[in-house]
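Listed below, chain by chain, are the residues.
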Amino acid sequence: MSEFLLQDEPAKQVYLDANATTPVLPCIADVVSHTMQICFGNPSSPHITGIQAKHLLEQTRQKARTVIGATDGDILFLSGATEGIQTAVVSTLINAKKHNKKNPVLLYGATEHKAVPNTLKHWNSVLEINAKVLAIPVDGNGILDLEFIAQHIDDALMICTMAVNNETGVYQDLKAIEHTIRSRNSDVSWMVDCVQALGKQQLALSETTIDYAPFSGHKLYAPKGIGLLYIRSGSAYTAFIAGGGQENGMRSGTENLPGIAGLNKLFSLLLDKTDSTFKSTDVLNIYRDQLHYALSDTFGDITFNHDFAYSVPTTLNFAVNDLTSKEVIDLFDAAGIRVSGGSACSTGASTSFVLDAMGATTWQSENAIRLSFGPATTEQEIAHACRCIRVLKPILQANCLIVSDSTTPTQEVCALGLTQFRHLGACSWLYVSDNKQAVIIDPISELIPRFEKIANTQNLTIAAILDTHAHQDRNPAAAILRSVLASRLIETDVDELGWSTHSKSIELDNDILEKIATPGHSKDSVTYILKSKSGQARYCFCGDLVLPAGLGNTKLEGGSAYSMGQSLVLLNEQLSNNSVICSGHDYQQCFAMNWYVQQQQTPLLNELLSGDITVDEFAAKKEHYDTQKQVSSTQLCGYVDAIPSVTTLQLTFDAAKTMLNNYNAFLIDTREPYEHGANNVAQLFNSNSDKTLNIPLSRMANAIVEGQLNKNNSYILLCRSGNRSKLAATNLSQLGYKTVYNLNGGLALSY
C-alpha cells in the first residue's frame, strides 16, 4: 500500500474546485484500471492484444467526434490542452513564415488562460515570426470586443479565443466571433480553447470554421495526462512531437491507452441520454442558486465578479468585501471546503488578470475566490456543501470577521494584546488593553473595514489612530479610519500623525504609550514605545525606521542617513534586548523580532550600536548602500539583506503524534483563530487539549512578550500546508527557542 494513500480524505472534503481538476469518476477509474491490467496492449503491435488496443483507440476517437460534433477533420490524442495549444500555435506559425503581411499580429482574448498568450509569445520569438501579439479587450461582462477584432483581423496570422473562461465561467458567442472573423479574413487560423466547455455546452465543431480546439480530460472526471486536439480539414499542421509515427504520423509516442480508455467511458456517459450522471443546464442553475444563497447568507457583504447571465452555471467567482482571499481560502480549507483564488494555475499572482481585464476593482481582483463544481455533481453533494458553508457563519461572527445579526452574539475576545495585520508586505498593528482601550498604528486603507468590525463587535474605546510617518508607498488611511470610528475615538486635537497635541503619553490600563521623534527614513518619522508601568519597553512601533533584519530607505523625500544614525542611537537607549520591534513593513515575514536579534541580523546597525563606527561613518555607509539598492531592489520603504538560513527540523505526522504523547512537547497551531475553530487539532493528534496552543503568526509578537512560550519546552508547529508554520518555526529559532519542529506538509498530509 502506498504511503501516500489518503483513504478518508475524499469523504471528509467538500471539493469545489472542479475548474482546476476533477476526481476520476469510479466507473472511469474502473475502465482505466482494466486497461492497465487487461487491455494493456500497444496499439502499434500486430498481435491480438495490440489489435484490441487499437480498436479501443479508434472507438474512442469516433466517440469523441460525436461528442464535439466533428464529422470530419482530425482528432488527435495527446497529453492535454497545453500540448494541444502548442501544436496549434506551432503549426500555424510555421505555415505563416511565408506570409506577406506588412504589420502581422497574433490576437488572443485578454481573459484567455495564460497557456495561450505565453505560447504565442514564445513561439513567435523562437520561430522569428516577429508579429505583434495583441490582447483582445473584453467588456465588464468578460465578452470579447468584436470591433477590436474587426479592426485587426486583416493583419492577423492567428486568433485565439476560448469557449468558456476558467476563472469566471463566462462563455463567448462563437457564432458572432466567427462572423466577425470570416467576413473579413477567411484564411486566418482560429483556435478556440474548449477545455471548460466540454460537458457544459453543446458543441458542433464541423459546423464552424474553427481550425483548432484543444480539450483536457482531467477537467471532466478523466485522468490527468490525456487530452485531444480537433484539427479542421485543410488547416495547417506540423507534428509537434516526431518519433515513431504514432497517430498516423501526427503525434509520435506510444499512446496513453489507459487515459484514452478513460475518455472512452467519459464520452459514453455524455452520449447516453438515459444516464443521469451529467446534469442538465437547468439542474446546474439550481445548484448555482443554492451555493449563491449559502455564500451570501454566510458572508453577507459579498461581491460576485461576473454576471451569471453570461456564465455557465458551474462557476461562481466572488470576493468577500472585508476579507482577503487568503483568509477565505484558509477558513474554507480548515472546514474541509476546497476552493481556489482565481485560477489554480495562477495562484500566487497578486491579482487576477481576468478580472483586471474586466475592469474589476483592485480589491475584487486581489481577493477573488473561485468556487466551481462539475456537471456530474449530485444534489446531495450540493446540499452538503451549502450546509458546510453555513456552518462557518458563527465562526466568522465569533472572530469579528462579520457582523452578527443576533442581538446577543457569542463572540470570543478577538484582540486583547497585540495583533499584526498585513497587506502585501505592509503591517498595521492593533493593541488592546485589558480594559478594552485600543490604539491602531499604521493603518492600511484595505484593512479599514476589518478594524471597524473589530472595534464595533468588541466595543472598543479607541485611544488613538496613529501613523509613524506619512507613508509614501500607499494612500493615507489614518484620517479615514478616524472618521469611520469617530463615535469610538476619544475626542482630542491631534497632529498630522494622529498624536494628541495635549498629551505626552497615552495611558492604556497598565501600559503607557510614548512617542519619540526618530527621523531618518523620513523627516517626520516617529517611534511609539509601549512601556509597562515599571518602565519596561515592551513593544517598539518604529514604522520604517527599522525593518526585520534591515533598515529603512533613506533615499525617499525627507530621508537622511545621518538622522537615521542619531535616531537609532536614541532608540537603543530606550529599548532592552527583549523589546519586540513592530515595523511598518515585514519583507522577510519574521512576524516577531526582538531588539537583540535585530542587531545580530543587521550588521550595519550592530556596528553602530556596538561603537565600532560613528554616526558619521554609519551615514556614509548607509548612503552608499541605499544608492546601490535603489538600482537593484524594488522594495520602496526599506532594504533587507538575506537573513542567515536556519535549518528547521521537520516531523512527519506519526513522529509528531509520538512526540506529543511521550515527551514534554506542545503543539502550536499557527493558523488564524477562525481556522483553528473549524476543526479539532488536539483530537487529530490524540493529544491533550492543554498541550495545543493556537498562536497565529499575527499574534506571535504578543505571545513572545506575554511569556506564552518557554524556551525549555519543545514545540511542534503546524498550519494548513506547512508553509506558515515553517516561517514561525524559523522565527522562534532566531529568537533562541532551541527545540522547535515543523509539521512537514502541515495538516494537508496529516489525514
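The structure this text deals with has already been given above.
Residues numbered from 1 in each chain as written. Predicted model: local features only at pLDDT ≥ 70, side-chain atom pairs only at ≥ 80, totals over all residues. Heavy atoms only, no water.

A. Structural context of the overall build of the protein chain. Looking only at helices and strands, one finds 24 helices and 30 strands in the protein chain. A globule of 751 residues ought to have a C-alpha radius of gyration of about 27 Å, and the protein chain, at 30 Å, matches this closely. Across its three principal directions, the C-alpha atoms of the protein chain cover 90 × 65 × 50 Å. Counting across all 751 residues of the protein chain, residues that qualify as buried make up 56%. (Helix = DSSP H or I, 4+ residues; strand = E, 2+ residues; numbered from the N terminus. Rg over C-alpha atoms; globule rule 2.2 N^0.38 Å. Buried < 20%, exposed > 50% of the residue type's maximum accessible area, 1.4 Å probe, protein only.)

B. Focus on the packing of aromatic side chains. The tally for this structure, following the rule as stated, stands at 13 aromatic pairs. Between Phe304 and Phe318 the ring centres are 6.0 Å apart and the planes differ by 55°, which places this aromatic pair in the tilted class. On the criterion of sequence distance, the pair formed by Phe304 in strand S9 (residues 302-304) and Phe318 in strand S10 (residues 315-320) is long-range, its members being 14 residues apart. Phe304 sits in the buried class, given a relative accessible area of 18%. (Phe/Tyr/Trp six-rings, centres within 6.5 Å; stacked < 30°, edge-to-face > 60°.)

C. Summary view of the sheet that holds strand S17 (residues 505-508). In space, the six strands of this open sheet follow the order S17-S18-S19-S20-S23-S24, with mixed pairing throughout. What marks the edges here is a single partner per strand, and that holds for S17 and strand S24 (593-594). With seven bridges connecting them, strand S18 (residues 511-517) and strand S19 (residues 526-532) associate as antiparallel partners. Within S19, the position partnered with Ala517 by the bridge is Val526. (Pairing = 2+ DSSP bridges.)

D. Looking closely at the pattern of salt bridges. Counted according to the given criterion, the structure contains 25 salt bridges. Put simply, Lys453 and Asp322 hold a salt bridge, and the shortest N to O gap is 2.7 Å. Of this pair, Lys453 sits in helix H14 (residues 448-457) while Asp322 sits in the loop between S10 and helix H10 (325-334), and the two are 131 residues apart along the sequence. Given a relative accessible area of 14%, Asp322 falls into the buried group. Among the salt bridges present, the one from Asp586 reaches Arg422, with a minimum N-O distance of 3.1 Å. Pair noted here: Asp586 is in the loop between strand S23 (580-583) and S24 and Arg422 is in strand S13 (residues 417-423), with a separation of 164 residues, a long-range link. Judged by its relative accessible area of 2%, Asp586 falls in the buried class. Here the salt bridges share partners, and the residues they tie into one network are Lys326, Asp330, Asp333, Arg338, Arg720 and Arg724. (Salt bridge = Lys/Arg side-chain N within 4 Å of Asp/Glu carboxyl O.)

E. Local environment of the packing of helix H2 (residues 26-37) against helix H8 (residues 257-271). Closest axis-to-axis distance for the H2/H8 pair is 8 Å, and the angle between their directions is 145°. When you trace H2 past H8, the crossing you get is right-handed. Contacts between H2 and H8 involve Cys27, Ile28, Val31, Val32, Thr35 and Met36 from the first element and Leu257, Pro258, Ala261, Gly262, Lys265, Leu266 and Leu269 from the second. (Axes fitted to C-alpha atoms, helices over the stretch in contact; angles between N-to-C directions. Left-handed = near helix turned anticlockwise from the far one by under 90°. Contact = heavy atoms within 4.5 Å.)

F. Fine view of the environment of Leu570. Locating Leu570 in the fold gives a position in helix H16 (residues 561-574). Counting along the chain gives 135 residues from Leu570 to Asn435, while the straight-line C-alpha distance between them is 31 Å. When near neighbours in sequence (up to four residues on either side) are disregarded, Leu570 contacts Ile516 and Ala517.

G. Expanded view of the nonpolar core. Judged by nonpolar contacts, the single largest core of 61 residues is most densely connected at Ile68, Leu107, Ile159, Phe215, Leu228 and Leu266. Ranked by size, the runner-up nonpolar core spans 43 residues in total, among them Ala463, Ile506, Val526 and Tyr737. (Core = buried A, V, L, I, M, F, W, Y, C linked by side-chain atoms within 4.5 Å.)

H. Representation of the pairing of S23 within the structure. Alternating positions in S23 separate into two faces, Val580 and Cys582 on one and Ile581 and Ser583 on the other, with burial throughout. As judged from the four bridges shared by strand S20 (residues 537-543) and S23, these two strands associate in the parallel manner. What sits directly across from Tyr539, in S23, is Val580. Across two bridges, S23 lies against S24 in antiparallel orientation. If you follow Val580 over to S24, its bridge partner there is Asn594.

I. Examining empty space enclosed by the protein more closely. Applying the stated criterion to the full structure yields three cavities of 30 Å³ or more. Of the voids in this model, the largest cavity is the one considered here, and its volume is about 50 Å³. The wall of the largest cavity is formed by 13 residues, among which Gln420, Trp429, Pro548, Ile581 and Asp586 lie closest to the centre. When residues of the lining of the largest cavity are traced back to their parent elements, those giving at least two are strand S14 (426-432) and S23. For the lining of the largest cavity, the per-class residue count stands at nine nonpolar, three polar and one charged. (1 Å grid on protein atoms, 1.4 Å probe; cavity = no way out; pocket = protein on both sides within 12 Å on 5 of 7 lines; lining within 4 Å. Points joined across faces, edges and corners; volume = space filled by probe spheres on them. Nonpolar A, V, L, I, M, F, W, Y, C, P; charged D, E, K, R; others polar.)

J. Here's a closer look at the pairing of S18. Two elements, S17 and S18, share four bridges in a ladder whose sense is antiparallel. Counted as the bridge partner of Ser505 is Glu514 from S18. If you look at the hairpin formed by S17 and S18, you'll find two residues sitting between the two strands, and Asp509 has a positive phi there, around 55°.

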